[in-house]
Amino acid sequence: MSDVTFLLAGQPAPDFAAPQDRGGVFRLAEHRGEWVLLFFFPRANTSYCQMQARRFQALQPQYRRLGVRVVGVSSDTAQQQTVFRDSCQLDFPLITDSEHRVGAQYGVMETERVEGEANLRARRESFLIGPQGRVARHYTEVDANTHAAAVLADLQGLIAVD
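Since we're looking at a predicted model, the values are computed, not measured.

Draft legend 1. The overall build of the protein, seen in detail. For the protein, the helix and strand inventory stands at 5 helices and 9 strands. The C-alpha radius of gyration computed for the protein amounts to 15 Å, which stays within 12% of the reference 15 Å derived for 162 residues, consistent with globular compactness. The C-alpha extent of the protein, read off along each of the three principal axes, is 50 × 35 × 30 Å. For the protein, the residues scored as buried account for 49% of the 162 residues in total. With an accessible surface of roughly 8000 Å², the protein has 47% of that area assigned to carbon and sulfur atoms. Charge centroids of the protein, computed over 17 positive and 19 negative side chains, lie 4 Å from each other.

Pasting the structure below:
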């Protein structure tokens, strides 16, 4: 299912347009000139995904101060994303990738077997995209509890030299 096997730092971030939880469409190209943190999560309303999203929300003031837009992506429906957003009290956009197009472009889709049934879902990975639209960091080993703080620390170092 994956169009990209692995995105490396320095490569162009795949452009996309996808529906977001509050209606409308999120277009990555419209955020050129800004830092964007695109974090993929497997499934809304599960304990680890809630933990990860809440950690990003708690650090939103610091991310905003640095001029970084945080965006979550999963293959959940818009309705599931809305419930997730409200239950976690998130104020950043969640992208609905129910057709797996964005996940495929970023190479994060995997098949999960649940009760003998194959389901496609995103791996928990993140991409820090710089103002020029290039991948600054690709995080493949993501701890839901500490990831938001680790990315923030990386950003502080990157933006200081940027």
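Having seen the structure, we can now continue with the description.
Draft legend 2. Quick look at the packing of aromatic side chains. Tallying each qualifying case throughout the model produces 10 aromatic pairs. Consider the rings of F39 and F41, whose centres lie 5.7 Å apart with planes at 35°: the pair is tilted. Here F39 and F41 have matching classes, each one buried. Ring-pair connections join several aromatic residues into one group, and the members of that group are F39, F41, F56, Y63, F84 and F92.

Draft legend 3. Geometry of the packing of helix α1 (residues 47-58) against helix α3 (residues 78-88). Where α1 meets α3, the axes come as close as 10 Å, and the angle between the chain directions of the two elements is 60°. Taken together, the axes of α1 and α3 lie oblique to each other. Two packed elements cross with a definite hand, and for α1 against α3 that hand is right-handed. Along the contact surface, α1 presents C49, Q50, A53 and R54, while α3 presents F84, S87 and C88. When its residues are assigned to classes, the contact of α1 with α3 shows 4 nonpolar, 2 polar and 1 charged.

Cut-off values and rules
Residues numbered from 1 in each chain as written. Predicted model: local features only at pLDDT ≥ 70, side-chain atom pairs only at ≥ 80, totals over all residues. Heavy atoms only, no water. Helix = DSSP H or I, 4+ residues; strand = E, 2+ residues; numbered from the N terminus. Rg over C-alpha atoms; globule rule 2.2 N^0.38 Å. Buried < 20%, exposed > 50% of the residue type's maximum accessible area, 1.4 Å probe, protein only. Areas by Shrake-Rupley, 256 points an atom, 1.4 Å probe, with all protein chains shown as cover. Lys, Arg positive; Asp, Glu negative; His and termini not counted. Charge placed at Lys NZ, Arg CZ, Asp CG, Glu CD. Phe/Tyr/Trp six-rings, centres within 6.5 Å; stacked < 30°, edge-to-face > 60°. Axes fitted to C-alpha atoms, helices over the stretch in contact; angles between N-to-C directions. Parallel < 35°, antiparallel > 145°, perpendicular 65-115°, else oblique. Left-handed = near helix turned anticlockwise from the far one by under 90°. Contact = heavy atoms within 4.5 Å. Nonpolar A, V, L, I, M, F, W, Y, C, P; charged D, E, K, R; others polar.

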